[in-house]
Amino acid sequence: MVIQSSNSSIAQRFESYQPSKSILVWACVATAIATMIIGFSWGGWVTGGASRSAAATASDIARGELASAVCVEKFRAGTDASQRITAFKALTDSYKKRQFVEEGGWATMPGQTSPDRLGAQGCATVLAT
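One structure accompanies this document, and this report is about it.

Conventions we followed
- Residues numbered from 1 in each chain as written.
- Predicted model: local features only at pLDDT ≥ 70, side-chain atom pairs only at ≥ 80, totals over all residues.
- Heavy atoms only, no water.
- Helix = DSSP H or I, 4+ residues; strand = E, 2+ residues; numbered from the N terminus.
- Disulfide = S-S within 2.5 Å.
- Buried < 20%, exposed > 50% of the residue type's maximum accessible area, 1.4 Å probe, protein only.
- Salt bridge = Lys/Arg side-chain N within 4 Å of Asp/Glu carboxyl O.
- Arc of directions from axis to C-beta.
- Polar contact = N/O pair within 3.5 Å; in protein donor to acceptor, adjacent residues only side chain to side chain.
- Contact = heavy atoms within 4.5 Å.

Mapped onto the elements of the fold, Tyr95 is located in helix H5 (residues 94-104). Counting along the chain gives 17 residues from Tyr95 to Gly78, while the straight-line C-alpha distance between them is 23 Å.

Set out below in structure tokens:
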């Protein structure tokens, strides 16, 4: 029975405990800070700037992939496609291959006045294989 009275006194002391307002405020501050540390470290939270940067990078990559697919189709659609592919494969430098695609106009998307650089590079990579 000694154990029971010891447990009951601890329970009574816990029930009668009245924390001060400053202790409650500091507990809330510590909890908020711990939540932010856990959220940004392990929870996958990111800042607005990091989110905008990731979205811009993803959109650039997607635009380049789309421009590359359009470029390959435009390159292969002409009547002299076999001659163009022969001339293209004769080039050895990847820069010259990209330049060949840009100058041919195949990497220029509809409504644009200049070729898409990522699209031209992707197009040259696909055509080289």
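Let us look at the state of the cysteines. Under the criterion given, the structure shown has 1 disulfide. Note on cysteine connectivity: Cys71 is disulfide-linked to Cys123, with sulfurs 2.3 Å apart. The chirality of the disulfide connecting Cys71 with Cys123 is left-handed, given an S-S dihedral of about -75°. Here Cys71, found in helix H3 (residues 48-77), pairs with Cys123, found in helix H6 (residues 117-128); they are 52 residues apart in sequence, far enough to count as distant. Its relative accessible area of 0% is what places Cys123 among the buried residues.

Applying the stated criterion across every chain yields a total of 4 salt bridges. Put simply, Asp60 and Arg63 hold a salt bridge, and the shortest N to O gap is 3.2 Å. One end of the pair is Asp60 and the other is Arg63, both in helix H3 and 3 residues apart, which spans about a single turn. On the accessibility criterion, Arg63 (43% relative accessible area) is partly exposed. The shortest N-O distance in the salt bridge between Arg63 and Asp116 comes to 3.0 Å. Of this pair, Arg63 sits in helix H3 while Asp116 sits in the loop between H5 and H6, and the two are 53 residues apart along the sequence. According to the relative accessible area criterion, Asp116 is buried, its value standing at 13%.

Moving on: H5. Three or more residues of H5 are buried, namely Lys97, Arg98, Val101 and Glu102. Take H5 and look down its axis: the buried residues cluster within an arc of 135°, on one side only. Gly105 sits one or two residues past H5 and shows a positive phi near 85°.

What follows is about the side chain of Asp116. A polar side-chain atom of Asp116 sits 3.0 Å from a polar atom in the side chain of Arg63. Among the polar contacts listed, one links the side chain of Asp116 to the backbone nitrogen of Gly119, at a separation of 2.6 Å. If sequence neighbours within four positions are ignored, Asp116 has contacts with Arg63, Gly64, Ala67 and Ala107.

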